[in-house]
Structure formats: C-alpha cells, structure tokens
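For reference, the chains in residue letters:
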Amino acid sequence: MSPQPQAAVGAPLSRVDGRLKVTGTAQYAAEFDVEGTVHAVIVDASIGRGRITGVDTGAAEAMPGVLRVIHHGNAPKLPYRDNPGSNNPPGRRLRVFQDDRMLFHGQPVAVVVATSLEAAQHGASLVKVEYDAERPSTDLHEAERAEPTNYARGDAEAGLRGAPVRLDLAYRLARNHHNPMEPHATIARWDGNRLTVWDKTQWVVGTHDELAAVFDLPAESVRIINPFVGGGFGSGLRCWPHTVVAALAARETKRPVKLVLSRRQMYFGTGFRPSYEYRLRLGSDRRGRLTAAIHDIDAETSSYETFTEAVMAAGQMMYSMPNVRQAYRQVALDVNTPIWMRGPGLATASFAIESAMDELAHELGVDPIELRRRNEPSEDESSNLPFSTRRLRECYTVGAREFGWDRRNPRPRSTRDGDWLIGLGMAAGVYDPGRFPAQARARLDADGTAVVETATSDMGPGTYTSQTQVAADALGLTMHTVTFRLGDSLYPPTGPHGGSATMASVGSAVVDACDKVRQQAIRLAVEDRGSPLYGVDAGKVVVRGGRLHVQGDPARGETYKNLLARNDRTHLQADGSYTGPPNPARRSYHAYNATFAEVAVDATLGLVRVRRMLGVYDAGRIISPKLAESQAFGGIVGGIGATLLEHTVTDHRDGRIVNANLADYLVPVNADIPEVRAIYLGGEDNDGNALGVKGLGEVVQVGVAAAIGNAVFNATGRRVRELPITAEALL
C-alpha cells in the first residue's frame, strides 16, 4: 500500500481552538447556560477528624433565596455500587452526606442551594455545625507506616557492604497542589431519571461511570459534557465529591445546580502530589560503576483510600546495577486522597536518584554526565526486556553541546557574577507513557469535509489540534476541512486524559477510524466505472487535499466530493479502535530526557534565580512541534515551582491547610522564568502504537528539580535535600 502523504503531522501549526480561547468564546464547565440553574456552595468541615454532633440550618434556610440545605441528617442514602472501571484509588470511597464521620479538614459537611451565588455563599456561612473533635494525624514524619510494597533483585545489603564507595542520603519533598487556572466546577441537571453533567474532568468516561455507580443508573442515563478544561495537571483524573454533591443537590431540588469550588476548597477537594520521605543508600566501585541501591520510600495517603504512584520504577531500571531493594510505604493520614500530578512518581523519584548521582559524581571527582554514561544499561534490568528506544546518550551529547557544559567548573562556589554565585547542573529523566484502549468515530460528508469524535479531553496540551493533524493526514484532507470533537460521553470511549497517554492511545484510534474511511472511499472509486480510478490497484491510491489519485500520477484522480455525489452517498463513516500496548510486553517503552540548568544564588541572601534551562528529549515522533515546545516549557515551569516555591503547609493541630490560596502558596510567575529551550530528537518509537509516538506531557517535568538542585550545589557547595529549596537552607 502506498504511504499516505503527511502534510499536517510534523508541521508547527497554531492551535485550532486558539481563537475560541483568546476571544473568550470557549465554554468551560461553569460557563454553560442551562435554563433554570441555581447555585450551590459546600460547607466544609472545620475539624480534621471526629464526628458531627449537630447541624443547625435554621438561619440559612430563613435566608431569602435559599432553597435547601442538605447534610447527612436529611440526605437520601445513595447506592454507591461498585465501579470496576473506576480510576479511584483502592479503599472506601468518600460517601458524602452518608454518615456523621469526618475524615479530614474541609470534608463536605453540607451544601446550601439558592437562587443566586451570593445567597448560597451567605447561607453557607450561616450553617452551624457542632463536632466531637479528635486530634488528627496529618504529619508524615510522625505517623505509623503501613506494610511496604517491596521489590528486590540480587542482594542489595551484601552489595552495599562490599561497595568501596557508599552514600546514605535522605530526601524530603513537600506536598504540591495542582492549582490550574480554571477552578473545578460542575453543573448537574436531571430530566426524570436521566442525568446530564457539565464537569471539569480529565476523564469523561470515568466521571460518567462513577456517577452511574453512585446513583445506580444505567449507563445510557448519564451524560458528561466537557469540551474545554482550563488546566488540570492531574487534578481532574477522578470524579471528586463535589461532582456527586452537585448531582445530589440537583435531584433533591429538581433544578439544575451549578457548584464551583473556591480556590481554597480546591486544596482539600481535588487531591495533590503527596509529600515524601525518600532514603537512598547507594554503593559503587571507585570508577563509579553502581553496585547496589536500597530505596526506602514513605508517602502520604488518606485514611480511607490507598493512593500509589510509580515512584519505584526509576530505581529499578534507570541505571545498570546488579543489586536493588525497594520498600514503598503508604502512610495513612487524616487528609483527603492524593492524586497524580504531572510526572507522577517519577518526578519525585528523580529528585532523589538524580541528586544522589550528582553527589556520587562529586565524591568520585567524575563529571556527572560521564558517571551516567558509565552506568547506562543495555536492557531494562527490571524486566529483562530490550528498550524500544533509549537515546539518553544522545540526549547527553546534544544537551552538553547546546548548553555549554564544557564551561562548567566542577569545583563548587568557584564561579561568580558580582554578588551572585553561578552554578550548572543536569539530571536525566524517564517516564513510562500510558497507553489505554480507545475508540474513535470518523465521518466523511458529501461536501468533502469530515468530523471525528472521541470522548477524550483537552486540558491544555492541544488535543484538538494534534488529533486534527492526525485525522487530516489519514483522510487526505486539509486542516480546515476536518472538525475534531471531544469531551462528551456520547462519543466513543477513551481512557483518562493523563499519564502522557492521549497521543498514543486516542491518536491510534483516530488513525484507525480515518484509515478505514479513506479505504472505503478508495474501494468505492476503484470499483466505480464512472471514476477515473476505476480498475486501479487500491494499494496505489493516495489522497491529498481531498483528492484521490494514483501515487506518482496526480492527474489521474477525483475529489471525495465528486465521488460521493456520483454514488449518491451522504457520507462515509467508520469506527476505529486502539487495544492498548502489546500483552505481554515485547519491549521496555519509555520516554527520556536530559535536563540542564544554570542558576545564580545571592551569596549574602541565599536567593536562587534560575538563569537558563534546556531539555533534550527522546520522545518518539513529534506530531506538532509547536505544541511539543509548549509542553516542554510548561513542564520546566512546573519543575521550577516544585523546586523553589511550592509547598503546602498544614497546621497539624486540626489538619487545616494554612496557605490554601495563591497569595501564600507560591507558583512561578513570568519574572521567575528564565531562558528556556527544548530539543526533541528525531525518530519514531513504533512499539505498540500506530503513530510512533511516546507521550511527552510528563517526561518534561521529570528531572527538573534535580537539575536545579545540582546547579545550586555547584554554585554554593551546599547540598539541599529537601524541596522546596529555600533561602534559609542556603544561609
């Protein structure tokens, strides 16, 4: 079969939805105009643990405009049947308003529904709740550890004892919150027993299935609509309690209900990257060849669910070594459940592992890049599988050349610029991109335009654009003649929009659907006596610009429009699918990076300023260079925040989050962001997806914290093993 021309894929195109966003006409969850909508505001628990002993709603209910106040004392009991397809962590789901037990500070206690937002807000402030409060356990450092998840190969203890060089290092990473620009919001409407929900979610199908399970509804009775998401970073990867509350309030009041979380409520309503304690014991020979590593990892989770993430993976396969032991413990606290955040697990692990590699390099007097080269594995030693692609050596070479690594003075505190100490650092990164089953539908209409539909989301990486590029080339159409639709549970189902899975998973399903439609048209043409392509070998027909023609003979052909009109076809349509990665796996499939940072540290004040950053990525085929660059910049910015600024502070007396706002929870602003550059190595990774892509939304943040931390050490001679790196730690 002749290869289909590629005109859109690989081109640096602007976002197809860009105009909608910059003109304010893109509709987000809270912006839909649903007739008769009333407003809901959640009343949050003011204790971190205990029981409700009384709820006084009299003053709130007497307020003009207040329709209902719902709480555990008057709420109906909900079925909460099992949801096998749930993305929820294992454990007992938070069942809102079903009992008097308070499990964390900020847990929904009641909801006030009113005809205006102001009335609902004021009504919520008038609800009086009495508690039998207990002292919550919210401190990771003091709480009891669960039985660990273990991994081992070789004899790590013996390998460590016999190592000529040994390091014993302890790292601590603060909790981080996602803080997308758009707050989480839900509008819920019932039509009899049918529920329609406009919701901010990164998993349309997951939210659909969870609401069907909570209210014991058949699948066809629930619809989720979500065309635009104003940032997510993982915060929308499950159905949160406020969505259930909105649907419950709508059913009880028999009115459509809008519920928008405040910025403060998002700190205990939608999850977070958990805090960690990570002890790493590392052994090597005198030349820097790693012999053993022991990882002891403690992470916070909630008391009612067990959240885990892939924090163990990098320690098992990033570097070659015969002896590895890991213990990963969840620490159950009186907090709401964490959730995945950009680069989940591997961004956390990379700070410990890549900082330790830098410490080992300094101890041995070896260049940090050379140390990594000496420990480059020939296969994935955790699975004994060959790598699909692993081009870290090339990432190091390109990055060192482009960043000017040869100008780095390895002696700490040796380079100055006036009052500023200057340092260079680097780190390697790895991420296992997700690949989930997905389906798509493509329709080619008689006017020569096409519509492609799938129930994925777009939280900002450019799904509308990249999938339109893929569809346009597969159909042989121009970008402006293809409409890509997403964000509706009526469309063919997909997995979560996260884990760097969307391009490989949804993109493969889109290609399959569009290829089928194109082949339908080609078969129609070569079998149609009225077509210039009659009798031609179908494998030699390609389509470009909506015109079918013989490969190598563009003059012999016709347009989709003429073909369908002559055959009295209103449209051609096909469903496509992607079944997921090969099972069993044939290769170790990962994306990689080398990240470089230059920092300046005020020698007197300890202030850290990032001056330059460069990321070099082995991420397979790049569908949209412009979007890819945006992803790299966003990941690096997020990494700068986690390294130098972001830190959720909890008052352990009652579990209250002290800095639950964007005035006190610091995130990077324009003045914090230096010169940033991204380089993507050419090539494809064809292991298990039709596009040859590796997801790149996560890998771009992995390693950023370690690169900056290593640069700070090079600048100051002070090794900081706790995130965020503060001025106090450098004084």
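To keep things clear, this report deals only with the structure shown in the data block. (Residues numbered from 1 in each chain as written. Predicted model: local features only at pLDDT ≥ 70, side-chain atom pairs only at ≥ 80, totals over all residues. Heavy atoms only, no water.)

## Quick word on the overall build of the chain
Threshold: The helix and strand labels rest on DSSP assignments: H or I over at least four residues marks a helix, E over at least two residues marks a strand, and numbering proceeds from the N terminus. Note that the radius of gyration is over C-alpha atoms, with the globule rule given as 2.2 Å times the number of residues to the power 0.38. Remark: exposure states derive from per-residue accessible area (1.4 Å probe, protein chains only) relative to the maximum for the residue type, with buried under 20%, exposed over 50%, and partly exposed in between. Here the open area of atoms and residues is found with the Shrake-Rupley method and a 1.4 Å probe, where only the protein chains shown may cover a residue.
If you tally the helices and strands in the chain, you get 17 helices and 30 strands. A compact globule built from 731 residues would reach a C-alpha radius of gyration of about 27 Å, and the chain, at 27 Å, matches this within 12%. With the C-alpha coordinates of the chain rotated into their principal frame, the extents come out at 80 × 70 × 50 Å. Split into buried and exposed, the 731 residues of the chain put 62% on the buried side. Here the chain has roughly 27,500 Å² of accessible surface; of this, 48% comes from carbon and sulfur atoms.

## Describing the sheet that holds strand β19 (residues 450–453)
Keep this limit in mind: Paired strands are those between which DSSP finds at least two bridges. Here the axes come from fitting lines to C-alpha atoms, over the contacting stretch only for helices, and the angles between their N-to-C directions go from 0 to 180 degrees. Whether two residues are in contact is decided by their heavy atoms, any of which lying within 4.5 Å being enough.
If you walk across this open sheet you meet the four strands as β20-β19-β18-β24, and the pairing is mixed. Single-partner strands in this sheet number two, and they are β20 (482–485) and β24 (571–578). Sheet twist, expressed as the mean angle between neighbouring strand axes with direction ignored, is 15°. With four bridges connecting them, β19 and β20 associate as parallel partners. Bridged to V451 within β20 is T483. Running over the sheet, helix α13 (residues 502–526) touches β18 (438–445), β19, β20 and β24 and is turned about 145° from β24.

## Regarding the nonpolar core
Here is the rule we go by: What is meant by a nonpolar core is a set of buried Ala, Val, Leu, Ile, Met, Phe, Trp, Tyr and Cys residues, joined one to another through side-chain atoms within 4.5 Å.
Grouped together as the largest cluster of nonpolar side chains are 93 residues, with contacts concentrated most on Y278, Y319, V599, Y617, Y680 and I708. By residue number, the principal contributor to this core is helix α9 (residues 346–364), which donates eleven residues. Setting aside residues no more than four positions away along its own chain, Y319 makes contact with R153, L290, I353, E354, M357, R372, N375, P377, E381, Y396 and A428. In this structure, A8, F484, L524 and V543 belong to the second largest nonpolar core, which totals 51 residues.

## So, the side chain of S388
The following threshold applies: Think of a polar contact as two N or O atoms within 3.5 Å of one another; within protein, one of them needs to be a possible hydrogen donor and the other a possible acceptor, and neighboring residues in sequence only count if both atoms come from side chains.
Mapping S388 onto the fold places it in the loop between α10 (368–374) and α11 (392–403). Residue class for S388 comes out buried when judged on its relative accessible area of 17%. A polar contact of 2.6 Å, which involves the side chain of S388, links it to the side chain of D685. In contact with S388, other than residues within four places in its own chain, are R587, S588, Y589, H590, D685, D687 and K694.

## Re the pairing of strand β23 (residues 553–559)
Alignment of strand β22 (residues 547–550) against β23, held across four bridges, turns out to be antiparallel. The partner of R547 across the bridge, within β23, is T559. Counted along the chain from β22 to the antiparallel partner β23, the turn is two residues long, and its residue G552 has a positive phi close to 85°.

## A short note on the environment of R611
Its location among the elements puts R611 in strand β26 (residues 608–618). Filtering out sequence-adjacent residues up to four positions away, R611 remains in contact with D417, W420, I422, E598, V599, A600, P674 and E675.

## Description of the pairing of strand β2 (residues 50–56)
Note: β2 against strand β4 (residues 101–102), two bridges, orientation antiparallel. Of the residues in β4, the one forming a bridge with R51 is R101. Bridging between β2 and strand β6 (residues 128–133) involves six bridges; their strand directions are antiparallel. By the bridge assignment for β6, V55 is matched with V129.

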